[in-house]
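Residue-level listing of the chains:
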Amino acid sequence: MRYRVKAVGPDSAVVEADFEAATEAEARAQAAARGLAVLSLQRAATARGRSRFPLLLFNQELLALLRAGIPLAEAVTALSEKETRAPVRSVLSDIVAALREGQPLSRALERAPQAFPDLYVAMIRAAERTSDLERALERYVAYQQQVDTLRGKLVSAAIYPALLVGVGGLVVMFLLGYVVPRFSHIYEDVGNELPWLSQLLLDWGRLVEAHAGTLALVVLLAGVG
């Protein structure tokens, strides 16, 4: 179970953090182990109700602050204080608390696997070893923007074929379900021997006409399913 704790940190600053614990007492014990004096504790919202963490925006803003000469901990603190979405702010507050404990950024990010993928954490850890965090953030931003652009192009390119398939399918259903049954009576009166495919269409028309209600119900159930 996940608990959200509002507490006073070692530097007398009020912070919010999430803890995975079986009971409230265990969550309080985890907060105390990190040097936090608990002010309030409540169950956090379920994962379904949580906002998705804006990883790209986080990197863009953090990179801008670091380029402006602001230290890492202060930069993340500024991002946390301006954040209005409680789930996102909770993640940032947890990172701030870890940084103020002296932990590296990669270790702080590992505490929120729902927000930071393992590959991203590994990239940050490698950047810390080379003291090139800004460059790593810049590469990630450029990469993610390229991925988003490519995804948008793929979606746009897929809309037209999907539209053609959908419209074409409706036209075929209309022909087979309405036009063919009507014309089947005309060709029955002719009496001449028809090609195999034509005869197959006529048989289909008779089938649709005889079982129109059942076929309509099957199509409706297939569409709902």
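Residues numbered from 1 in each chain as written. Predicted model: local features only at pLDDT ≥ 70, side-chain atom pairs only at ≥ 80, totals over all residues. Heavy atoms only, no water.

Caption draft 1: Focus on the overall build of the chain. Across its full length, the chain holds nine helices and three strands. Scored against the burial criterion, the 225 residues of the chain give a buried share of 30%. When contacts within the chain are restricted to residue pairs at least 6 apart in sequence, long-range pairs at least 24 apart make up 50% of them. Carbon and sulfur atoms provide 61% of the accessible area of the chain, an area that totals close to 14,200 Å². (Helix = DSSP H or I, 4+ residues; strand = E, 2+ residues; numbered from the N terminus. Buried < 20%, exposed > 50% of the residue type's maximum accessible area, 1.4 Å probe, protein only. Contact = heavy atoms within 4.5 Å. Areas by Shrake-Rupley, 256 points an atom, 1.4 Å probe, with all protein chains shown as cover.)

Caption draft 2: Seen up close, the sheet that holds strand β2 (residues 14-20). Spatially, β2-β1-β3 is the arrangement adopted by the three strands of the open sheet, whose pairing is antiparallel. One side of each edge strand has no neighbouring strand; the edge strands of this open sheet are β2 and β3 (37-43). Strand-to-strand, the axes of this sheet are offset by a mean angle of 25 degrees, without reference to chain direction. (Pairing = 2+ DSSP bridges. Axes fitted to C-alpha atoms, helices over the stretch in contact; angles between N-to-C directions.)

Caption draft 3: Representation of the pattern of salt bridges. Within the structure shown, the criterion is met by 10 salt bridges. Taking the shortest distance from any N to any O, the salt bridge between E138 and R135 comes out at 3.7 Å. Linking E138 with R135, this pair stays in helix α7 (residues 133-190), spanning three residues, or about one helical turn. Taken together, the shared-partner salt bridges connect R34, D94, E101 and R111 into one network. (Salt bridge = Lys/Arg side-chain N within 4 Å of Asp/Glu carboxyl O.)

Caption draft 4: Representation of the packing of helix α2 (residues 55-67) against helix α3 (residues 72-82) within the structure. At a minimum axis distance of 9 Å, the contact between α2 and α3 shows a crossing angle of 130 degrees. Accordingly, the angle class assigned to the pair α2 and α3 is oblique. Here α2 and α3 pass one another in a crossing that is right-handed. In this structure, α2 uses F58, E61, L62, L65 and L66 to contact α3, whose residues at the interface are L72, A75, V76, A78, L79 and K82. Looking at the contact of α2 with α3 residue by residue, the class counts come to nine nonpolar, no polar and two charged. (Parallel < 35°, antiparallel > 145°, perpendicular 65-115°, else oblique. Left-handed = near helix turned anticlockwise from the far one by under 90°. Nonpolar A, V, L, I, M, F, W, Y, C, P; charged D, E, K, R; others polar.)

Caption draft 5: View of the pairing of strand β1 (residues 2-8). Along β1, five of the seven residues are buried, which leaves the element largely enclosed by surrounding structure. Sheet analysis places β1 next to β2, joined by seven bridges and oriented antiparallel. Directly across from R4, in β2, lies its bridge partner D18. Between β1 and the antiparallel strand that follows it, β2, lie five residues; S12 among them carries a positive phi value of about 70 degrees. Here six bridges tie β1 to β3, and the two strands are oriented antiparallel to one another. Bridge pairing in β3 links V5 to L41.

Caption draft 6: Representation of helix α4 (residues 86-100) within the structure. Here α4 contains 15 residues, and its C-alpha end-to-end distance of 21 Å stays within 8% of the 21 Å for a straight helix at 1.5 Å per residue. Judged by how many residues are buried, α4 sits mostly within the fold: 12 of 15 residues are covered. The inward-facing, buried residues of α4 contact β1, β2, α2, α3 and α5 (105-110). Residue G102 follows α4 closely and has a positive phi angle near 95 degrees. (Expected span 1.5 Å × (residues − 1).)

Caption draft 7: Quick look at empty space enclosed by the protein. What the rule picks out here adds up to two cavities of 30 Å³ or more. Around the largest cavity, the lining residues are F53, P54, L57, F58, E61, L79, K82, E83, R85, V88 and L92. When contributions to the lining of the largest cavity are tallied by element, the ones reaching two or more residues are α2, α3 and α4. Tallying contributions element by element places α2 first for the lining of the largest cavity, with three residues. (1 Å grid on protein atoms, 1.4 Å probe; cavity = no way out; pocket = protein on both sides within 12 Å on 5 of 7 lines; lining within 4 Å. Points joined across faces, edges and corners; volume = space filled by probe spheres on them.)

Remember, this is a structural readout, not a statement about activity or role.
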